[in-house]
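Topology and contacts: notes
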Amino acid sequence: MATLIVSMAVSLDGRIAGPDGSIDWAAPDRELMGFHNEQTRELTGHLTGRGLYESMLGWETAEQTRTDPLELEFARIWKPLPKVVFSSTLTSVEGNARLASRDVADEAAELKGRPGGGIVSVGGAGLAAALAGKDLIDEYRLFVNPVVMGGGTSYFPPLPKHLDLELLEARTFSQVVYLRYRRSR
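A brief look at the structure comes next. It should be emphasised that the depicted structure is a prediction, and the values quoted were computed from it without experimental measurement.

Topologically, methionine 8 is positioned in strand S1 (residues 3-11). Sequence separation between methionine 8 and valine 122 is 114 residues, and the spatial gap between their C-alpha atoms is 9.4 Å.

Across six bridges, the pairing between strand S7 (residues 139-145) and strand S10 (residues 176-183) is antiparallel. Residue pairing for S10: valine 144 is matched across the bridge by valine 177. Two strands pair when backbone bridges link them, and strand S9 (residues 165-173) and S10 are joined in this way by eight bridges, in the antiparallel orientation. From the neighbouring strand, alanine 170 faces S10, where its bridge partner is leucine 179. Counting the residues between successive antiparallel strands, the hairpin from S9 to S10 contains two residues, one of them, serine 174, with a positive phi of roughly 45 degrees.

Counted under the stated rule, the structure contains nine aromatic pairs. Taken together, a centroid distance of 5.0 Å and an interplanar angle of 70 degrees make the contact between phenylalanine 35 and tyrosine 178 edge-to-face. Of the two residues, phenylalanine 35 sits in helix H1 (residues 30-41) while tyrosine 178 sits in strand S10, which places them 143 residues apart along the sequence. Exposure remark for phenylalanine 35: the relative accessible area of 6% places this residue in the buried category. A relative accessible area of 0% means that tyrosine 178 is categorised as buried. Between phenylalanine 143 and tyrosine 178, the aromatic rings sit 4.8 Å apart at their centres with planes inclined by 35 degrees, giving tilted as the arrangement. Note that phenylalanine 143 is positioned in strand S7 and tyrosine 178 in strand S10, a separation of 35 residues in sequence. Judged by its relative accessible area of 2%, phenylalanine 143 is buried. Directly above the aromatic system of tryptophan 59 lies the positively charged group of arginine 66, at a separation of 4.0 Å from the ring centroid. The ring of tryptophan 78 carries lysine 83 above its face, with NZ or CZ at 5.0 Å from the centroid.

Procedures and definitions
- Residues numbered from 1 in each chain as written.
- Predicted model: local features only at pLDDT ≥ 70, side-chain atom pairs only at ≥ 80, totals over all residues.
- Heavy atoms only, no water.
- Helix = DSSP H or I, 4+ residues; strand = E, 2+ residues; numbered from the N terminus.
- Pairing = 2+ DSSP bridges.
- Phe/Tyr/Trp six-rings, centres within 6.5 Å; stacked < 30°, edge-to-face > 60°.
- Buried < 20%, exposed > 50% of the residue type's maximum accessible area, 1.4 Å probe, protein only.
- Lys NZ or Arg CZ within 6 Å of the ring centre and 35° of its normal.

Right under this line is the structure:
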């Protein structure tokens, strides 16, 4: 059975985006980019909302637009990763992606139930919130950044009940603290 994870940068006050939607404060340094590459290499699939899907499209042509070896490595890992895009407005997608044909819970259940396990990531605040609200997330991976946003999009949405979590890993990268929690059931 696959593990469904949410892995995002978060401010000290629990925001994944500022009041204006900005995420520029979360750009990884070289050490953290290398770690992101390692984690992305472990993925067997990715569920994404339209906004994040569109912002990640630049990685499809990274060979023409980027020169940094770590970024090119990320692109080589990211491009072949199977992606499921949830959108009510898109009619087609590019790269190794397909539009979701069912609701988020059904798509997630299918990916989680595939034999062989693996790790499926969830990208996009709205999609992550929908899955968290249905208690379908197995792990939360937070990259805590030394910034206070004072408002914006919360990492955790309002939930019908509290989540019991177990700390699996903690690691410090320069100014960023990585925390990995498993959902206790």
